[in-house]
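# Summary of the model geometry
Take a look at the letters that make up each chain.
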Amino acid sequence: MFVSGATAGTAAPYDTAQQTRIVFDKILARLAEHGATRDDIRKLTVFLTDIREYALFSEVRNQLFADSSAPPASSAVEARLGSASVRVEIEAIAVRVGG
């Protein structure tokens, strides 16, 4: 499954950590609609308005996958995201095996 370019929209303007939580919630909800979970996520591509805020994103991601035996690979890119208040966009690739 591919979850393309999820953002927090107008929620939590300029707050990278909170936007990251919101985006992961959206991604997990989309995966759940198809019977998948965070453990099925294999790859994340992250777009940050300011790459210096990577640590803020990383802290939230690490909390989400803290007890995972195989956290997803990830790449981060600095990019313009349309609005200065949108700080993070995340794409996810998930593979659901079985069931």
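First, a word on scope: everything that follows refers to the structure included in this document.

Calculation notes
- Residues numbered from 1 in each chain as written.
- Predicted model: local features only at pLDDT ≥ 70, side-chain atom pairs only at ≥ 80, totals over all residues.
- Heavy atoms only, no water.
- Helix = DSSP H or I, 4+ residues; strand = E, 2+ residues; numbered from the N terminus.
- Rg over C-alpha atoms; globule rule 2.2 N^0.38 Å.
- Buried < 20%, exposed > 50% of the residue type's maximum accessible area, 1.4 Å probe, protein only.
- Contact = heavy atoms within 4.5 Å.
- Areas by Shrake-Rupley, 256 points an atom, 1.4 Å probe, with all protein chains shown as cover.
- Lys, Arg positive; Asp, Glu negative; His and termini not counted.
- Charge placed at Lys NZ, Arg CZ, Asp CG, Glu CD.
- Salt bridge = Lys/Arg side-chain N within 4 Å of Asp/Glu carboxyl O.
- Core = buried A, V, L, I, M, F, W, Y, C linked by side-chain atoms within 4.5 Å.
- Pairing = 2+ DSSP bridges.

### Description of the overall build of the chain
- What the chain contains, in helices and strands, is two helices and four strands.
- Reading the secondary structure of the chain in the N-to-C direction produces β-α-β-α-β-β.
- The C-alpha radius of gyration computed for the chain amounts to 13 Å, which stays within 12% of the reference 13 Å derived for 99 residues, consistent with globular compactness.
- Each of the 99 residues in the chain was classed as buried or not, and the buried ones make up 39%.
- Pairs at least 24 residues apart make up 80% of the contacts formed inside the chain by residues separated by at least 6 positions.
- Entry remark: accessible area of the chain is about 5500 Å², with carbon and sulfur atoms responsible for 52%.
- Both charge centroids of the chain, one from 11 positive and one from 12 negative side chains, sit 2 Å from each other.

### What to know about the pattern of salt bridges
- Following the criterion strictly, the structure yields four salt bridges and no others.
- Here Arg-52 makes a salt bridge to Asp-50, at a shortest N to O gap of 2.8 Å.
- Overlapping salt bridges, with partners in common, bring together Arg-38, Asp-39 and Asp-67 in one network.

### Section: the nonpolar core
- The biggest cluster of nonpolar side chains holds 21 residues, and the ones touching the most others in it are Ile-27, Ile-41, Leu-44 and Ile-90.
- Residue assignment for this core shows that the elements contributing at least two residues are strand 1 (2–6), helix 1 (16–32), strand 2 (41–48), helix 2 (54–64) and strand 4 (88–94).
- If one sorts the elements of this core by residue count, helix 1 sits on top with six residues.

### Some points on the pairing of strand 4
- Counting buried positions along strand 4 gives five out of seven residues, so the element sits mostly inside the fold.
- Taken together, the three bridges between strand 1 and strand 4 define a ladder with antiparallel strand orientation. Across the sheet, Ala-6 pairs through a bridge with Ile-90, a residue of strand 4.
- Note: strand 2 against strand 4, seven bridges, orientation antiparallel. Among the inter-strand pairings, Val-46 is bridged to a residue of strand 4, identified as Ile-90.

### Observations regarding the environment of Phe-24
- For Phe-24, the location among the structural elements is in helix 1.
- When its relative accessible area of 3% is taken as the criterion, Phe-24 is described as buried.
- Taking C-alpha positions, Phe-24 is 9.3 Å from Ala-8, a pair spaced 16 residues apart along the chain.
- Setting aside residues no more than four positions away along its own chain, Phe-24 makes contact with Leu-44, Phe-57, Val-60, Arg-61, Leu-64, Phe-65 and Ile-90.

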